[in-house]
Amino acid sequence: IYQTNIADPDSAEFKGLKSRYDQFYRKPLLLPWFVATGYDALMILDEVITRQGVSPEKVAAGLYQIKNFKGASREISINELGSSPLRDVLFQVID
């Protein structure tokens, strides 16, 4: 059994993050979910600030506009309640 909270560990976004992590820290990425979600949070914030500006009101409004953001952890959309619900993903290993 292989368990992961990364929606697609073979995605280009996650592989890119892992490659940069390995080069920078020169050690294995042991907690991919925590690293990927933290990275995604900063990348979403960067996108919102780039589009909207830095005022708290504009950042807050911009976060609600995030739809289908291709993050390292998964694709992220923020709903009208300010949440980004997860969906379960199941992989089958065929040998």
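Preceding block: the structure.
A brief look at the structure comes next. Keep in mind the model is a prediction, meaning the values are calculated, not measured.

Each value, and the rule that gives it
- Residues numbered from 1 in each chain as written.
- Predicted model: local features only at pLDDT ≥ 70, side-chain atom pairs only at ≥ 80, totals over all residues.
- Heavy atoms only, no water.
- Helix = DSSP H or I, 4+ residues; strand = E, 2+ residues; numbered from the N terminus.
- Buried < 20%, exposed > 50% of the residue type's maximum accessible area, 1.4 Å probe, protein only.
- Contact = heavy atoms within 4.5 Å.
- Areas by Shrake-Rupley, 256 points an atom, 1.4 Å probe, with all protein chains shown as cover.
- Lys, Arg positive; Asp, Glu negative; His and termini not counted.
- Salt bridge = Lys/Arg side-chain N within 4 Å of Asp/Glu carboxyl O.
- Phe/Tyr/Trp six-rings, centres within 6.5 Å; stacked < 30°, edge-to-face > 60°.

## Quick notes on the overall build of the protein
Part 1 of the reasoning: Across its full length, the protein carries 3 helices and 2 strands.
Part 2 of the reasoning: When its helices and strands are written in sequence order, the protein yields α-α-α-β-β.
Part 3 of the reasoning: Every one of the 95 residues in the protein was classed for burial, and the buried ones make up 24%.
Part 4 of the reasoning: Within the protein, contacts between residues at least 6 apart in sequence are counted, and of these 37% link residues at least 24 apart.
Part 5 of the reasoning: When the accessible surface of the protein is summed, it comes to about 7400 Å², and 57% of that surface belongs to carbon and sulfur atoms.

## Overview of the side chain of D40
Part 1 of the reasoning: Checked against the element boundaries, D40 lands in helix α2 (residues 32-52).
Part 2 of the reasoning: R74 provides the closest opposite charge to the buried, unpaired D40, separated from it by 6.5 Å.
Part 3 of the reasoning: In contact with D40, other than residues within four places in its own chain, are F69, G71, A72, S73, R74 and I76.

## Notes on the packing of aromatic side chains
Part 1 of the reasoning: Evaluation of the coordinates by the stated rule reveals 2 aromatic pairs.
Part 2 of the reasoning: The interplanar angle of 40 degrees and the centroid separation of 4.6 Å between the aromatic rings of Y21 and Y25 together place this pair among those described as tilted. Residue Y21 and its partner Y25 are located together in helix α1 (residues 12-25), separated by 4 residues, close to a single helical turn.
Part 3 of the reasoning: Here F24 and Y25 contribute two aromatic rings whose centre-to-centre distance is 4.8 Å and whose plane-to-plane angle is 80 degrees, an arrangement assigned as edge-to-face.
Part 4 of the reasoning: The class of Y25 is partly exposed, set by a relative accessible area of 46%.
Part 5 of the reasoning: A connected cluster of aromatic rings, assembled from ring pairs, spans Y21, F24 and Y25.

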